[in-house]
Structures are given as structure tokens and as C-alpha cells.
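Examination of the molecular architecture
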Amino acid sequence: MLRGLTRGSAPQDGAAHRGHDRRRDDFALVRQVTRLEDVPEVERHLPDILGRAMARSWIDAAFAKELARDPAGLLARYSVHLPESVALSVEHSAAERPRIVVTEILPGGQRRRLMYLQLVMMAGR
């Protein structure tokens, strides 16, 4: 088991999914309660988790609205817990799809961008 990841069952009874109806109760971002303890763990695991969340937001308007309003709160309701030194925000642009920006809050309140995630449609042949 990776350091910082806490084993446990992700809630499946809908209790952690406030504001979401019963047919979505089977959706889980992670298979177990996940506590990311530090920036290296965030950099390693959060892109996959946020990718699943963003993909869900394309097909679920209520989920998308909540993700845009409070991304860290939504993750917590789906059993993903971030360190206090990591903040999430959603940036919107008329020309592009929304992106989730992950920043580290440094001593003194300065912020350092760790990454941003944005879903892009691509077609190939």
C-alpha cells in the first residue's frame, strides 16, 4: 500500500453523495477512501482521479455544476481527501473547456501551480 493512502471502503449507500440522486450512487471516483498526504502523492494520483471526475462531468450536469462550484468538497464527498496545503480551483474561458487548476499553498500564502487538467475532445483515424 502506498504511504498516505488509507484503506477503507468508499461509501456506496449514497450517504456521501449529497445532492445526487439514487441512480448515481454506484459512481465512485476511487475504490477506497483515499487520503493524499503530500504534494508528491497529489502529483502522482490526482490526475487520474480528476480525469474521472471531469469525464463524469461531461455526462452529468448536476455533477459538473458541483465540480465547478466546489471541486475539493466534491472530491471529499467521494472519499478523496487532499492535504491542507493543496487547493483546487476551476477556470472558465469562453474559448476553451473549463480546467481544474491544482496549486500548492506555500508558507506565507504564496501559491505554486502544480498542474491543471482539462478534457479535450480528439478524433483520430
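Residues numbered from 1 in each chain as written. Predicted model: local features only at pLDDT ≥ 70, side-chain atom pairs only at ≥ 80, totals over all residues. Heavy atoms only, no water.

With that out of the way, let us pick up the pattern of salt bridges. What the rule picks out here adds up to five salt bridges. As a salt-bridge pair, Arg69 and Glu66 come within 2.9 Å of each other at their nearest N and O atoms. Taken together, the positions of Arg69 and Glu66, both in helix α2 (residues 61-69) and three residues apart, correspond to about one turn of that helix. When its relative accessible area of 60% is taken as the criterion, Arg69 is described as exposed. On the basis of relative accessibility, which here comes to 15%, the residue Glu66 falls in the buried class. (Salt bridge = Lys/Arg side-chain N within 4 Å of Asp/Glu carboxyl O. Helix = DSSP H or I, 4+ residues; strand = E, 2+ residues; numbered from the N terminus. Buried < 20%, exposed > 50% of the residue type's maximum accessible area, 1.4 Å probe, protein only.)

What follows is about α2. Within α2, the full set of buried residues consists of Phe63, Glu66 and Leu67. Taken around the axis of α2, the buried residues stretch over an arc of 100°, which confines them to a single face. Facing away from the buried side of α2, by more than 90 degrees, are the exposed residues Ala61, Lys65 and Arg69. Elements that come into contact with the buried residues of α2 comprise α1 (39-59), α3 (71-77), β3 (86-91) and β4 (99-105). (Arc of directions from axis to C-beta. Contact = heavy atoms within 4.5 Å.)

Let us look at the pairing of strand β5 (residues 111-117). Looking at chain direction, β4 and β5 are connected through six bridges and run antiparallel. Its bridge partner being in β5, Val101 is matched across the sheet by Tyr116. Hairpin connection, β4 to β5: the antiparallel pair is bridged by five residues, and Gly108 has positive phi, about 90°. (Pairing = 2+ DSSP bridges.)

The next thing to look at is unusual backbone geometry. Of note in the backbone geometry, Ser79 takes a positive phi value of approximately 70° without being a glycine. Of note, Ser79 is situated in the loop between α3 and β2 (80-81). Residue classification places Ser79 among the buried positions, given a relative accessible area of 5%.

Another point: the environment of Pro107. Relative to the helices and strands, Pro107 is located in the loop between β4 and β5. Separated by 22 residues in the primary sequence, Pro107 and Ser85 have C-alpha atoms spaced 9.1 Å apart.

What follows deals with the packing of aromatic side chains. Counting across every chain of the model gives three aromatic pairs. Ring geometry for Phe27 against Phe63: centres 5.6 Å apart, planes inclined by 90°, an arrangement best described as edge-to-face. Here Phe27 is found in the segment before β1 (34-35), whereas its partner Phe63 is found in helix α2, with 36 residues between them in sequence. Since its relative accessible area comes to 15%, Phe27 is described here as buried. Seen in terms of ring centroids, Phe27 and Tyr78 are 5.7 Å apart; in terms of plane orientation they differ by 65°. Their pairing is edge-to-face. Here Phe27, found in the segment before β1, pairs with Tyr78, found in the loop between α3 and β2; they are 51 residues apart in sequence, far enough to count as distant. One exposure class covers both Phe27 and Tyr78, and it is buried. Connected via pairs of aromatic rings, a cluster forms that spans Phe27, Phe63 and Tyr78. When the ring centre of Phe27 is taken as origin, the NZ or CZ atom of Arg56, which lies over that ring, is 4.4 Å away. We note Arg99 situated over the ring of Tyr116; from NZ or CZ to the ring centre the distance is 4.3 Å. (Phe/Tyr/Trp six-rings, centres within 6.5 Å; stacked < 30°, edge-to-face > 60°. Lys NZ or Arg CZ within 6 Å of the ring centre and 35° of its normal.)

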